[in-house]
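# Notes for the structure review
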Amino acid sequence: MIERSLLSMALLLLLSMVSASAQVTAIRAGKLVDPESGQTSSNQVILVEGRTIRAVGSDVAIPAGAKVIDLSSMTVMPGLIDCHTHVCSGVVSRRGLPRKTSRGGQLSYDLGNTTAYRAIQGVANARSMLESGFTTIRDIGNAGNYADVDLRRAITEGLVPGPTMITAGRIIAPFGGQYAPSDRGYAMNPERPGLGAPEYFYADTRDELRKAIRENIFYGAQVIKIVVDDQRYIYDVDDIRFAVEEAHRARVKLAAHCVTEAGARNAATAGVDSIEHGFMMSDSVLALAKQNNVVLVGTDFTREYLQEYGQDAETAGRGYVRSLDRIRRAYRIGVEQAFGSDVIFDVEGKTRGEVCLSILDTYVAAGLPNGYLLRMLTTNGARLLDVDNQRGAIRAGFAADIIATADNPLDRIETLKRVQFVMREGTIIRQ
Ligand SMILES: [Zn+2]
């Protein structure tokens, strides 16, 4: 009797030890792409233990009891990174808005939603992006009262599925934020000057800037997003330099929304970490950006998407052609570019993740090499987000953020629009 109970105790102990040690998964990769080097290797084995890649190679032995995932007919690579998302914004398409609406109109629409609803939008959009292959996103503001920070927490705690998030919290901007004078009745109502909060942190003086940056970081911002030039009064070089220094002292990067030539010039001169949009950047501003190691997150919409955004066909066509030209010039001048979708609208029949990936079409149309585009979507983003010591490559010790496609994106980049397999931190999301 005693022996039997000892035996069962030993068995129990053994069982608990097995369940405590992390599950080992072996992925057989027909082809494995390293975006940084642009190399493809064949017949590789990736060993994943828990959340981490343990080993990669053609001669890696698969341990007994390991779960084997056969991707031998596919091309495997690190998960994608979107450096400019607004997952807590605008689940409802322009169909729910007046025609010919603007970003300002969309923002006014957001004002009508509670932070709770914004967080629910975020859950749906984050999951959709992950299912499409984005294992990391930098969510760059417009999340109500820190819905993005709560969403990041919920994802980190495993409450809901989603990509690893870098959050910007509240966007810091000169008075009025991104609200356009055409949006009367909302934040432009002088009797209700506070309506822009919490969506925006209005900061005009240095004291206000410093306080906004510190408060934002305190409540969960991991990157500071400023809007440089959406009003007639814009942040000047000294304003931006002050903000960059304040953010950097707290080891936080600064992203600058710039839609004018003057705004982008100020931001590039001040040495921000990234210029968002930068649609009007001239060659000399692009050269300044390169010189100061500023990354361009271009967010260049397709013609169709510009129309979903509310532009008429002619305006959309002009913006699209301008984007193609700026993408090519940035490439020629050598400014580092990272992928950012900036999607806030739904498109009928497409998931949020699919809409985000459709932005890739603009960069393909601009004629950039596939290897360069894949780096934009992986390694360049990882560096900008300061996660390149654990993400953006399939390497031992890195997070097991792994995707697979039917074709090799170095041959056919469009294959990324139909990702077949997604694993984030060792958990299979799509197979
Ligand atoms: Zn944006």
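To start, this report covers the structure provided alongside it. (Residues numbered from 1 in each chain as written. Predicted model: local features only at pLDDT ≥ 70, side-chain atom pairs only at ≥ 80, totals over all residues. Heavy atoms only, no water.)

## A closer look at the overall build of the protein
Selection criterion: Secondary structure elements follow DSSP: runs of H or I of four or more residues count as helices, runs of E of two or more count as strands, with numbering from the N terminus. Three exposure classes are used, based on accessible area relative to the maximum for each residue type with a 1.4 Å probe and protein chains only: buried under 20%, partly exposed in between, and exposed over 50%. In what follows, a contact means two residues having at least one pair of non-hydrogen atoms within 4.5 Å. Per-residue and other accessible areas follow the Shrake-Rupley method at a 1.4 Å probe size, with only the shown protein chains counted as cover for residues.
Scanning the protein for helices and strands turns up 14 helices and 16 strands. With 431 residues in all, the protein has 54% of them scored as buried. Within the protein, counting contacts between residues at least 6 apart in sequence, those at least 24 apart form 71% of the total. With an accessible surface of roughly 18500 Å², the protein has 52% of that area assigned to carbon and sulfur atoms.

## Details of the pairing of strand S3 (residues 52–57)
Spelled out, the test is: In this description, strands pair whenever DSSP reports at least two bridges between them.
Across 5 bridges, the pairing between strand S2 (residues 39–49) and S3 is antiparallel. The residue of S3 that forms the bridge with Val48 is Ile53. Taking the residues between adjacent antiparallel strands as the criterion, S2 and S3 are bridged by 2 residues, where Gly50 takes a positive phi near 65 degrees.

## Here we look at the pairing of strand S16 (residues 427–430)
In the sheet, strand S15 (residues 421–424) pairs with S16 via 3 bridges, with the strands oriented antiparallel. Bridged to Val422 within S16 is Arg430. Here S15 folds back onto S16, and the loop between the two strands holds 2 residues, one of which, Glu425, carries a positive phi near 45 degrees.

## Observations concerning the coordination of the zinc ion
Rules: For Na, K and Ca the donor cutoff is 3.2 Å, while for all other metals N, O and S atoms must lie within 2.8 Å; water is not among the atoms, so some sites may look incomplete.
Ligation of the zinc ion by protein atoms is provided by His84 (NE2), His86 (NE2) and Asp342 (OD), these donors lying 2.1 to 2.2 Å from the ion. In the primary sequence, the donor residues of the zinc ion line up as H-x1-H-x255-D. Of this pair, His86 sits in the loop between strand S5 (80–85) and helix H2 (103–111) while Asp342 sits in the loop between helix H10 (313–333) and helix H11 (352–358); the two residues are 256 residues apart in sequence, bridging distant segments of the chain. Each of the two residues, His86 as well as Asp342, counts as buried.

## Considering the pattern of salt bridges
Two side chains bearing opposite charge may form a pair once their charged atoms approach each other closely. The criterion, for reference: Note on definitions: salt bridges are taken to be side-chain nitrogens of Lys or Arg within 4 Å of carboxyl oxygens of Asp or Glu.
Tallied over the entire structure, the rule returns 26 salt bridges. Of the charged contacts, one joins Glu199 and Arg118 as a salt bridge, the two residues approaching to 2.9 Å between their closest N and O atoms. Within this pair, whereas Glu199 is found in the loop between strand S8 (171–173) and strand S9 (200–202), its partner Arg118 is found in helix H3 (residues 115–131), the two being separated by 81 residues in sequence. A single burial state applies to Glu199 and to Arg118, both of which are buried. Its salt-bridge partner being Arg424, residue Glu425 comes within 3.7 Å of it at the nearest N-O pair. By relative accessible area, Glu425 is classed as buried at 13%. Where salt bridges share partners, they join Arg51, Arg391, Asp401, Arg424 and Glu425 into one cluster.

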